[in-house]
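# Coordinate inspection notes
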Amino acid sequence: MAIRGNYVLDNEIVVPANVRQLELTPGTTLRIRGDHPGLSRLGDVTFREVTGFDMPTGTTTIAVGSARDYTAGEWLLLSGADVVSDSPDRYGYLRQVVSVAESSIVIDRPLPRAIVKAARTSLVELAPSLWITGTGTITSTDPAMMFSPLLRFIAVESPRVTGVSVTHSGGTGISVSHCEGGEILCSISDLLDDGEKHFGYGVSVSGASRGVRVGGDISRVRHAVTTNPGPLIDGVGQAGEPEDCVFAPLATDCSNKSVDTHRLGWGTIILPNVVRGNGGVQVRADNTIIRGGTITDCSGPGITVGSRVAVSATIRDVSISDLSVGQTGILCSGPADIVDPTIVLTSGTGISLRNDSSVRGGSITGTLRQGVVLIGSNNIVSGVSVSDDVAHKLVEGPVASSNKVDTAIQ
């Protein structure tokens, strides 16, 4: 279905299920007037039962209270009252039923975390895929009064947004919640961020979304992409943790950390391509992988691993350069395993580790003040090449202890 012309949308348009593609032709503009999404595709998430049984980590067999209510092939949200550590956010996972037995069901992949507090199931009726494409523009008539996403997908199979320009608003550009798969490859820019009322995320991947890929060209927003809790569900609350998503946009001039995770998120893969902005990548979720790519010319740290991270981040083959005066290439307040980084700075610190982290291989070069700083304990540093231009190749803080350091660094 092709859309041509300029339109003002005074209400949210929920695209009918039989429409699988919307093309915004050249010169087409959709302007959202008021605080509501512009275009949406909506499935349903409906509470089914509190099972009365735990759902252990790694399991694919789930004991349920009423097996006759389940059908092979349907999708479920498995959740409870369990929260991610150091957070009020409830996790939960999108799973497909493979088979049904007398008192249990088999799901399509294991659970990364145990669900033991009021474990429950909810039916997820995924709406069919919607592909929004073309070269048109979706925007707000009054960004200061806009807090809703411009595009919204809830419980959708493989939503896609390609080519279009999503711009000038006071809320999130594109919101993807409880979705299976999907791809965002478009231009998103100029979303308001005052840190109080407006938090202009380029893309918010939330709830139990899994396998969502975010690329495209995203600029002048708070975070190009981040993770968040899902929308409120009756009988469930805000539950769901984004899982196995890939974040790989070109992120330029972001007002906060360019590519981000909030506390919810499991197995997120970040392929950084960051230019300028107030920091490169920020990790607050567990089991995050940062792989390859470049981070350059930022006014904040290249990579930040937050103190609330409980399951170590993996940082491999990342190049970080030309940060502002005094910044740190990789700043780990939480645990991380760092392999073969390339860090080129003219000041500040190459890598800072607090506790339970490691650096293996890689290089730190430039006229920076400190190569590797060990603030805490149980860190491993091995095979790192630190150039002679670095004033202090290795610095251990006053409470540092039980660290293992390859003497070649000194």
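The coordinates are above.
So, here is what we can say about the structure in this document. (Residues numbered from 1 in each chain as written. Predicted model: local features only at pLDDT ≥ 70, side-chain atom pairs only at ≥ 80, totals over all residues. Heavy atoms only, no water.)

## Quick notes on the overall build of the protein chain
Put simply, the rule is: A helix here means a DSSP run of H or I that spans at least four residues, while a strand means a run of E at least two residues long, and both kinds are numbered starting from the N terminus. Think of it in three bands: residues with accessible area under 20% of the maximum for their type are buried, residues over 50% are exposed, and the middle band is partly exposed, with areas taken using a 1.4 Å probe on protein chains only. Should any heavy atoms of two residues lie within 4.5 Å, those residues are counted as being in contact. With residues, only the protein chains shown are counted as cover, and all accessible areas are computed by Shrake-Rupley using a 1.4 Å probe. The charge count treats Lys and Arg as positive and Asp and Glu as negative. His and the chain ends do not count. Charged groups are reduced to one reference atom each: NZ for lysine, CZ for arginine, CG for aspartic acid, CD for glutamic acid.
For the protein chain, the helix and strand inventory stands at 0 helices and 44 strands. In terms of overall dimensions, the protein chain has C-alpha extents of about 65 × 55 × 30 Å along its principal axes. With 410 residues in all, the protein chain has 56% of them scored as buried. By sequence separation, contacts in the protein chain at least 24 residues apart represent 55% of the contacts at least 6 residues apart. Summed over all atoms, the accessible surface of the protein chain reaches about 15400 Å², with 48% contributed by carbon and sulfur. One way to put it: in the protein chain the 32 positive side-chain charges average out to a point 1 Å from where the 41 negative ones average out.

## Thoughts on the environment of Val399
When you line up the elements, Val399 lands in the loop between strand 43 (392-396) and strand 44 (404-405). Among the residues examined, Val399 registers a relative accessible area of 63% and is labelled exposed. Separated by 24 residues in sequence, Val399 and Ile375 have C-alpha atoms that sit 6.9 Å apart.

## Quick look at the packing of aromatic side chains
Inclusion rule: Aromatic pairing here means that ring centres of Phe, Tyr or Trp (its six-membered ring) are within 6.5 Å. Orientation follows from the plane angle: under 30 degrees is stacked, over 60 is edge-to-face, and everything else is tilted. For a Lys NZ or an Arg CZ to count as sitting over a ring, it must be within 6 Å of the ring centre and within 35 degrees of the ring normal.
Scanning the entire structure with this criterion turns up 1 aromatic pair. On the numbers, 6.0 Å between centres and 40 degrees between planes, the contact of Tyr91 with Tyr93 is tilted. Here Tyr91 and Tyr93 have matching classes, each one buried. Between the NZ or CZ atom of Arg113 and the centre of the ring of Tyr91, over which it lies, the distance is 5.6 Å. Positioned over the ring face of Trp131 is Arg160, at 4.2 Å from the centre of the ring.

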